[in-house]
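Observations on the three-dimensional arrangement
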Amino acid sequence: MILVVTLMAAVCSGQLLYRRALDTEWNEFKQAYNKLYNETDNYVRRAIWENNLQYIQTHNLEADRGVHTFWLGMNEYGDMTNEEFVSKMNGYRMTEKPRGGATFMAPSNVDLDDLPDSVDWRQHGYVTPVKNQGQCGSCWAFSAVGSLEGQHFKKTNKLTSLSEQNLVDCSDAEGNQGCGGGLMDQAFEYIESNNGIDTEKSYPYKARDGKCKYNAANKGATDTGFVDVTSGSEDDLKTAVATVGPISVGIDASHRSFQLYKSGVYHEPQCSTQQLDHGVLAAGYGNDGENDYWLVKNSWGKSWGQKGTSGCRGT
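Residues numbered from 1 in each chain as written. Predicted model: local features only at pLDDT ≥ 70, side-chain atom pairs only at ≥ 80, totals over all residues. Heavy atoms only, no water.

Right, let's get into the confidence of the model for the protein chain. Any segment with low pLDDT has predicted coordinates that should not be analysed in fine detail. Per-residue confidence for the protein chain gives a mean pLDDT of 90; residues scoring 70 or more make up 90%. Confidence drops under a pLDDT of 50 for residues 1-16, and excluding neighbours within four residues, the segment shows three contacts in the predicted structure. (pLDDT = per-residue confidence, 0-100. Contact = heavy atoms within 4.5 Å.)

Shown next as structure tokens:
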């Protein structure tokens, strides 16, 4: 009986810590993102949400004073701690194993001093709408598919949404682990050896691991190989984006500031150039008048960032 009384007191005390003025906003958050909790989870998620909300407000006050170049905002991931968010969403798995891909070389007819000041491949039909990987570490599949969608458009002038689920279910022999993570290089290897990848329409995304159901009759695109941009070289990446199209890239997305990013040119001083954990698509670059940035298409849905994209500063 003493134990029961103690636990009840702790719960009641926990409830008193909530900011009652936020009750309406909390309920609107749950409704907006279809969040359904049992009574215990509601307490836990409310506490996490309030902590993230306070973090957002503090950051944005600093951004308004010019301390930061970007702003944060509440999104569908606001009820998750950063640790659990990273473990569920960031599925890029670094490896020391040589992939065997050639190194990107700029086309011989391109004057590297004459690259455009800005590029946005969305404006030229290369990029499909923002998708949502759900709570599955399949970012690598979305990144790879985004790059191939661009190249397929470049060749055929037809933008075809390709199947991430095909990669999640079928590329384990190349070393990918479905929702447990993978690499874009290994995805390209699978598509090449498989002689194709299905369309999104024929093989829709499920946000979970499944049995391989590839059907060559529904093939949406193929690849004949891939090349790697020199690691850490933003000049080479800029050249590749300008001359080739959208490029698959790995980034460090382990920070709460990225989880809750909303707008502006993202720059996190603690970002690592070595410990990468998330696959995205570099769909362009530019300058906002003060900062150079990369235009990044993410796979966390349209509630994240600027309807699913961000502008990120380099190193």
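Next up on the list: the packing of helix α5 (residues 139-156) against helix α7 (residues 184-194). In the contact formed by α5 and α7, the axes pass within 8 Å of each other and the chain directions differ by 60 degrees. Considering the angle they form, α5 stands oblique to α7. Crossing hand, α5 versus α7: right-handed. On α7, the residues that touch Trp140, Ser143, Ala144, Ser147 and Leu148 of α5 are Met184, Ala187, Phe188 and Ile191. Broken down by class, the residue content of the contact of α5 with α7 amounts to seven nonpolar, two polar and no charged. (Axes fitted to C-alpha atoms, helices over the stretch in contact; angles between N-to-C directions. Helix = DSSP H or I, 4+ residues; strand = E, 2+ residues; numbered from the N terminus. Parallel < 35°, antiparallel > 145°, perpendicular 65-115°, else oblique. Left-handed = near helix turned anticlockwise from the far one by under 90°. Nonpolar A, V, L, I, M, F, W, Y, C, P; charged D, E, K, R; others polar.)

Our next topic: the state of the cysteines. Under the defined criterion, the tally for this structure stands at two disulfides. Two residues, Cys136 and Cys179, share a disulfide whose sulfurs are 2.0 Å apart. Handedness here is read from the sign of the S-S torsion; for Cys136 and Cys179, about -95 degrees, the answer is left-handed. Here Cys179 lies in the loop between α6 (164-170) and α7 and Cys136 lies in the loop between β3 (119-120) and α5, a separation of 43 residues in the sequence. Paired by a disulfide, Cys170 and Cys212 hold their sulfur atoms 2.1 Å apart. Where Cys170 bonds to Cys212 through sulfur, the torsion about that S-S bond is close to 100 degrees, and the disulfide is right-handed. Of this pair, Cys170 sits in helix α6 while Cys212 sits in the loop between β4 (197-198) and β5 (219-221); the two residues are 42 residues apart in sequence, bridging distant segments of the chain. By relative accessible area, which is 8% here, Cys170 ends up buried. (Disulfide = S-S within 2.5 Å. Buried < 20%, exposed > 50% of the residue type's maximum accessible area, 1.4 Å probe, protein only.)

With that settled, the discussion passes to the nonpolar core. Core analysis: the largest hydrophobic core is formed by 34 residues, its most contacted members being Tyr77, Val241, Phe258, Tyr285 and Trp300. For this core, the secondary-structure elements that each account for two or more residues are β1 (70-72), α4 (82-89), α8 (234-243), β7 (247-251), β8 (261-266), β9 (278-287) and β10 (292-297). Each residue touching Phe258, except ones within four places of it in the same chain, is listed here: Ile251, Ala253, Tyr266, His278, Asn298, Trp300, Trp304, Ser310 and Cys312. Core analysis: the next-biggest nonpolar cluster, separate from the first, contains 25 residues, Cys136, Leu183, Ala221 and Leu276 among them. (Core = buried A, V, L, I, M, F, W, Y, C linked by side-chain atoms within 4.5 Å.)

Let us now look at the pattern of salt bridges. Going through the model one piece at a time under the given rule, you end up with nine salt bridges. Notably, a salt bridge pairs Lys131 with Glu200, separated by 2.9 Å at the nearest N-O pair. With Lys131 in the loop between β3 and α5 and Glu200 in the loop between β4 and β5, this residue pair connects regions lying 69 residues apart in the sequence. A residue is classified by how much of its surface remains accessible, and Lys131, at 14% relative accessible area, is buried. Three or more residues joined by partner-sharing salt bridges are found here, namely Arg20, Asp23, Arg46 and Glu50. (Salt bridge = Lys/Arg side-chain N within 4 Å of Asp/Glu carboxyl O.)

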